Amino acid sequence: MKARWLSTARPVALAAGAALVAADAQAACPIQLAAYGEAKSGAEIDFSPTGTSATIANTFRMILDNNTVLDGIAMWTEGSAGRPHGSRNVSRLWSGGLLKSTVGRLCPERLPGMNADKKTLLVTGGSRGIGAAICRQASRAGYGVAINYVSNRAAAEALVAELEAAGGEAFAVRGDVGNEADVVAMFEAVDRAFGRLDAFVNNAGIVDVKARVDEMSAERIERMMRINVVGSFLCAREAVKRMSTRHCGKGGAIVNLSSAAARLGSPGEYVDYAASKGAIDTLTVGLAREVALEGIRVNAVSPGITETDIHASGGQPERVARMQDLLPLKRAGTADEVASAVLYLLSDAASYITGAILNVSGGR
Ligand code: NAP
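The following paragraphs examine the structure supplied in this document. Everything quoted here is computed from the prediction, not taken from an experiment.

Right, let's talk about the environment of Leu 287 for a bit. The topology assignment puts Leu 287 in helix α7 (residues 271–290). Taking relative accessible area as the criterion, Leu 287 reaches 10% and is therefore assigned buried. Spatially, the C-alpha atoms of Leu 287 and Arg 297 are 8.8 Å apart, while their sequence positions differ by ten residues. Those residues in contact with Leu 287, other than ones at most four positions away along the chain, are Ala 236, Val 240, Ile 254 and Val 298.

Shown next as structure tokens:
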């Protein structure tokens, strides 16, 4: 049973943080003018003014997409934003954020009976390599998993089939993280499919062929920064909008994939890539501090040389074999070893860790 509340009515302009007391907010923006529904499933929510109480302003009726009907009351509480919350019996269904200045999203919570215990995770570049290992481990740990890919649809769909065959819940979503419209659409697809987002991994990343800085074109450097840096920022933005208590979310955890290259600089190979991962480290520390009081932990995993196809995609399929004797542990890492660190940082076991950059680099 899934309820996906998308407003089909007017956008209600209540500026975030507006210092309206409840009565003012109610007068300026009566809840009964809002109408929420989703055409595809027929799910809807309607409000009726009680006319008898300033506190219990409205009753509401939610009709879920399996025809379950929930009746309840919408109450106003005093507070800086004067936002309503809805209750049915004693269980609160939402708090604040109903009247948002953007159309289309009620608090993205699952309602009672909606597989409420299942946490959800979105992994960019989740279809292959380290991302795929993260998706497999997350699915085994009980997460519903959204698997992003950009071009290799077959790999993404094969992974979805694999996770579903093992009893997991997963879906694939195409999107170029370096394209803002794609990023927004990808997160909206997660909203529709899961109705909540608990964890997010900024994993998608590229390298390029070996080159010195004095040989790099502007196009190459811009592509590297657009996918690895701008893409990670845009995705982090969308994740925070869904997780942050400031945006009526319930908190969450974000892990960014950095690289040992950020420390080593990758001279003669790809300093542009190394610099893009330096930006990921800074994003991690800054965002972690920015949202620390909003229920979100932000950390990074910084792998060393890991056995995946990324080296071949940068024209160096032999890179792992060539480099592994130089590593303290005398071998490359596996995607699973990196994924284990990511799952740990997403988990409650890491509840006091935020702003950390965890090296998973075999001692390098
Ligand atoms: P990989 O094997 O090359 O897989 C890359 C994944 O990212 C694929 O799922 C790919 O989708 C997706 N992707 C590529 N460009 C994308 C874009 N513009 N938008 C959305 N998805 C995109 O890479 P990996 O080795 O697993 O690396 C994963 C992360 O770990 C990267 O951030 C990388 O920098 C970091 N890392 C890797 C190593 C290493 O040695 N492997 C070391 C340090 C850090 P398609 O399948 O559709 O192409």
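There's plenty left to go through after this.
Next up on the list: the site of the ligand. By nearness alone, 31 residues border the ligand, and Ser 127, Arg 128, Ser 151, Tyr 273 and Thr 308 come closest of all. A distance of 2.9 Å is found between an oxygen atom of the ligand and a backbone nitrogen or oxygen belonging to Val 150. Asn 203 is positioned such that a nitrogen or oxygen atom in its backbone is 2.7 Å from an oxygen atom of the ligand. For the ligand, the cavity whose grid points lie within 2 Å of the majority of its atoms is the largest pocket. At the level of secondary structure, the elements contributing two or more residues to the shell around the ligand comprise α2 (129–140), β8 (144–149), α7 and α8 (310–313). In the shell around the ligand, the residues fall into twelve nonpolar, 15 polar and four charged.

Next up on the list: the packing of α2 against helix α10 (residues 335–346). In the contact formed by α2 and α10, the axes pass within 8 Å of each other and the chain directions differ by 55°. Between α2 and α10, the interaxial angle falls into the category oblique. The handedness of the crossing between α2 and α10 is right-handed. Of the residues in α10, those in contact with Gly 129, Ile 130, Ala 133, Ile 134, Gln 137 and Ala 138 of α2 are Ala 335, Asp 336, Val 338, Ala 339, Ser 340, Val 342 and Leu 343. In the contact of α2 with α10, the residues fall into nine nonpolar, three polar and one charged.

Reading the values: the criteria
- Residues numbered from 1 in each chain as written.
- Predicted model: local features only at pLDDT ≥ 70, side-chain atom pairs only at ≥ 80, totals over all residues.
- Heavy atoms only, no water.
- Helix = DSSP H or I, 4+ residues; strand = E, 2+ residues; numbered from the N terminus.
- Buried < 20%, exposed > 50% of the residue type's maximum accessible area, 1.4 Å probe, protein only.
- Contact = heavy atoms within 4.5 Å.
- Near = heavy atom within 4 Å.
- Polar contact = N/O pair within 3.5 Å; in protein donor to acceptor, adjacent residues only side chain to side chain.
- 1 Å grid on protein atoms, 1.4 Å probe; cavity = no way out; pocket = protein on both sides within 12 Å on 5 of 7 lines; lining within 4 Å.
- Sits in = over half its atoms within 2 Å of the grid points.
- Nonpolar A, V, L, I, M, F, W, Y, C, P; charged D, E, K, R; others polar.
- Axes fitted to C-alpha atoms, helices over the stretch in contact; angles between N-to-C directions.
- Parallel < 35°, antiparallel > 145°, perpendicular 65-115°, else oblique.
- Left-handed = near helix turned anticlockwise from the far one by under 90°.

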